[in-house]
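# Chain and residue survey
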Amino acid sequence: MMKKNAKLWLAVVVGAAVLALSACRAKSPAPPSAQSSGAGSFAAGEGRENSGSPTVGPEAPDRLSIAGPAAQDRPSSAAPANPPSAAPAAEGQAAKSRLRPRLEDDYYEYVNWDILSKTRIPGDSSSWSYLYQLNQDAYARLDQLLKETVKKRPSLEMGSTEQKIADFYRTALDEDARAAAGFGGLAPYLESVRSAATISQYLESLSGLRRDLGLTSLINVQKTEDLRDSSRYVYCFFQPDLGPGKETLEDGTMGSFLDEYQGYIGRVMEYSGMEPGDAKKAASEILAFQRELAAATLPLSRRQDPDVYYNPYTAAQLQQLLSNVDVPAYLNALGIAGRDFYVVTDVKALEACNDWLTEDHLELLKNYTVFCLLSDMSLYLTPQMQGNALAWHNFQNGIAEMKAADKLAGEMTQSMFGFEFGRLYAEQCFSGQDKENVTAMIRQILAAYKKRILALDWMGDETKANAVKKLDSMTLKVGYPDHFTDVHATARITPPEQGGTLIGNVLALMRAETAFDLEEGKKPVDKEKWAMTPQTVNAYYNPSGNEIVFPAGILQEPFYSPEADLATDMGGIGMVIAHEISHAFDSSGAMYDEKGNYKMWWTEEDLENFRALAGKVADYYDGQEGFEGRFVNGEQTLGENIADLGSLSCVTSIVGDDTDGLRALFTRFATIWASKYTDEAMIRRLNTDVHSPAKVRVNAVLRNTDAFYLAYPQLREGDKMYLAPEQRVGIW
């Protein structure tokens, strides 16, 4: 999908991107390749599926979260033309068997049996989990504030944050105005693409979309933190828009899914103004084109290696790579000319893009960009176009029902104004005492991690000293930012009474964000900035900042309770904390030093030992079944699996030999991962997520944790939860 302007790239890829850097942030179904740098996360964003921000495709870089890709569910009351029918929501793996298993055979289902047996996936969602539930709770709290703001609209001053929020919501609800607006302010950009008579004019249309709105399709340029100097920004060329992504496009079992995708493309092209026959032909060609591009791009598993994706090019060298592009003119049109260098994250992919930039491919390229643009922006266009996009989203995620129009508008507003709502959430829902408690727990876990590193038998003293230095230098961020930046200060949100429309107001926000982003790129990196809003139910590690970040949204039950005993909290928020710390030493994060720079601080022998251990982890997870005969990709999920294994080893060392405490810890650990997904969502996650499925994240980790056998001495060879000591894997 067309990529929105860069969110801070943090990341080494070890988790899935769940970013909220700017208010128009992405809520797209598949952001896994936002894993190109080294950030690690706890979980794929869950709970607000497609709630309403311009989509960012898989290549938009972001910090990674504890959960994996957020397949956000979008609601609509509009009926699309011949939409694919959504499959009924599946109840997930746990409910498919009739008897509660023994803990010795399936600890995840043993602990979560009751909740999974009685809980159904909401009809307008692809999943249920505690992450989802807490996100819904946060939405409800903020929705009440939103409705109160709308009631006060007559007394609000034009230009105030409250006025912008109230009037944006009102235009989001106005279906008649959306229908009358058509493409609205998007029309000139569409016309610029359609009317291009040469490749040069086509490239001018691409640069206009990126410069004004931060949107990309074929040439995807984003601002990120420089991996080798985290104090400055650099502009990177990422992979082009591949729709559902390389892994799905190349999955031989997804034929019927791709047939439906082609039908969706055709409907988008028909809404763009094409005759049905021409739209069908264009859809076939666009899908074939995306498959051709996918064949030249790196798989997700290789986009996590900085040695592979950090390729500096001067403008002159870029000109040689992009021989069919006037590179100086293109960079100048984007407002980013004159940089010392740029980074190409996938050289073969960019070479492939260049090969297609010829006059004989012009019509195909124009249709492709029109599709990308309208697919990304359909949520804000006519009710018919919105309905088509939502029906397609629901189909691919197995969602049975559409959300109510008012909930769609509310989620859209909260998403667009993420940090504006975040300030209110932080003020009302998070106490200073909780911040102190969690910070103290973080320091306790850091101390335990240090002890574990110093006790490693495979790492030498020199590397240990550097690892400890990295721990001692780690920045802690808890609850909410110290300062909130208004990236929408220059945006004018027009009320319905003055002709304001949803698409017009969305474009106003996008222009403000893109202009802010461009100016920010000229300054040193703001180390105080957060990539997640306070209400986000997630957490992340940012390798470029060597920082761990825990938004207020996740600092509540079942993850954290100030009344809980130490062992229970260690199994919840303690595991989350240790997971993010572990990302500093996973397969990608371990390549960054204490200042957040990509720099080798390992001895050659220790690095060789580390990679050998990581290889064993990857091999182990290759053998874990993710869903009905589909297995986890051990390389794709390596960073997250290393973090899961390391985190549980760390927190169990704090509890020690207290078997009652360990059982409480393991019970809470299994509890926080209780979840259900539709079959479609499970299959999609295995293709696009850098996290293992929830059940694997519990059972596969416990089998490798020595303390698990201390807590449950009845485990014996032959039990499914038993793994012989010599077969257990782990690094930290």
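Here, every reference points to the structure presented above.
First things first, this report covers the structure right here in the doc.

Scoring rules and cut-offs
- Residues numbered from 1 in each chain as written.
- Predicted model: local features only at pLDDT ≥ 70, side-chain atom pairs only at ≥ 80, totals over all residues.
- Heavy atoms only, no water.
- Helix = DSSP H or I, 4+ residues; strand = E, 2+ residues; numbered from the N terminus.
- Areas by Shrake-Rupley, 256 points an atom, 1.4 Å probe, with all protein chains shown as cover.
- Phe/Tyr/Trp six-rings, centres within 6.5 Å; stacked < 30°, edge-to-face > 60°.
- Buried < 20%, exposed > 50% of the residue type's maximum accessible area, 1.4 Å probe, protein only.
- Pairing = 2+ DSSP bridges.
- Expected span 1.5 Å × (residues − 1).
- Contact = heavy atoms within 4.5 Å.
- Salt bridge = Lys/Arg side-chain N within 4 Å of Asp/Glu carboxyl O.
- Core = buried A, V, L, I, M, F, W, Y, C linked by side-chain atoms within 4.5 Å.

The secondary structure content of the protein amounts to 27 helices and 14 strands. If you sum the accessible surface of the protein, you get close to 24,500 Å²; carbon and sulfur atoms cover 48% of it.

Summed over the entire model, instances satisfying the criterion amount to 30 aromatic pairs. Between Tyr107 and Phe708, the ring centres sit 5.3 Å apart and the planes meet at 90°, which makes this aromatic pair edge-to-face. Placement of Tyr107 in helix H1 (residues 107–118) and of Phe708 in helix H27 (residues 706–711) is noted, with a sequence separation of 601 residues between them. For Phe708, a relative accessible area of 0% puts it in the buried group. Arranged with centres 5.0 Å apart and planes meeting at 45°, the rings of Trp602 and Phe610 form a pair that is tilted. The two residues Trp602 and Phe610 agree in class, both being buried.

The next subject is the sheet that holds strand E6 (residues 229–238). One open sheet accounts for 4 strands, arranged E5-E6-E8-E7; its pairing is mixed. Two strands lie at the open edges of the sheet, namely strand E5 (220–226) and strand E7 (312–313), each paired on one side alone. In this sheet, strand E8 (residues 342–344) lies alongside E6 in parallel orientation, the contact comprising 2 bridges. Bridge pairing in E8 links Phe237 to Val344.

This part covers helix H18 (residues 432–454). A rise of 1.5 Å per residue sets the reference length of H18, with its 23 residues, at 33 Å; its end C-alpha atoms lie 33 Å apart and thus fit the reference within 8%. The set of residues buried in H18 consists of Asp434, Val438, Thr439, Met441, Ile442, Ile445, Leu446, Ala448, Tyr449 and Ile453. Structurally, H18 contributes buried residues whose contacts are with helix H19 (461–472), strand E9 (475–479), strand E11 (547–551), helix H21 (566–582) and helix H23 (638–655).

Before going further, it helps to spend a moment on the pairing of E11. Counted residue by residue, E11 has 5 buried out of 5 residues, so it is predominantly covered. Burial of E11 is two-sided: the residues Glu547, Val549 and Pro551 facing one way and the residues Ile548 and Phe550 facing the other way are all buried. Both strand E10 (residues 540–542) and E11 contribute to a ladder of 3 bridges, which runs antiparallel. Note on E11: the bridge partner recorded for Tyr541 is Ile548.

Further remarks concern the pattern of salt bridges. Applying the stated criterion across every chain, the model contains 29 salt bridges. The partner of Asp143 in a salt bridge is Lys147, with the nearest N and O atoms 3.0 Å apart. Linking Asp143 with Lys147, this pair stays in helix H2 (residues 130–151), spanning 4 residues, or about one helical turn.

A word on the nonpolar core. Ranked by size, the top nonpolar core spans 206 residues in total, and within it Tyr107, Leu218, Met377, Phe666, Trp673 and Trp732 carry the most contacts. At 10 residues, helix H14 (residues 362–377) tops the list of elements feeding residues into this core.

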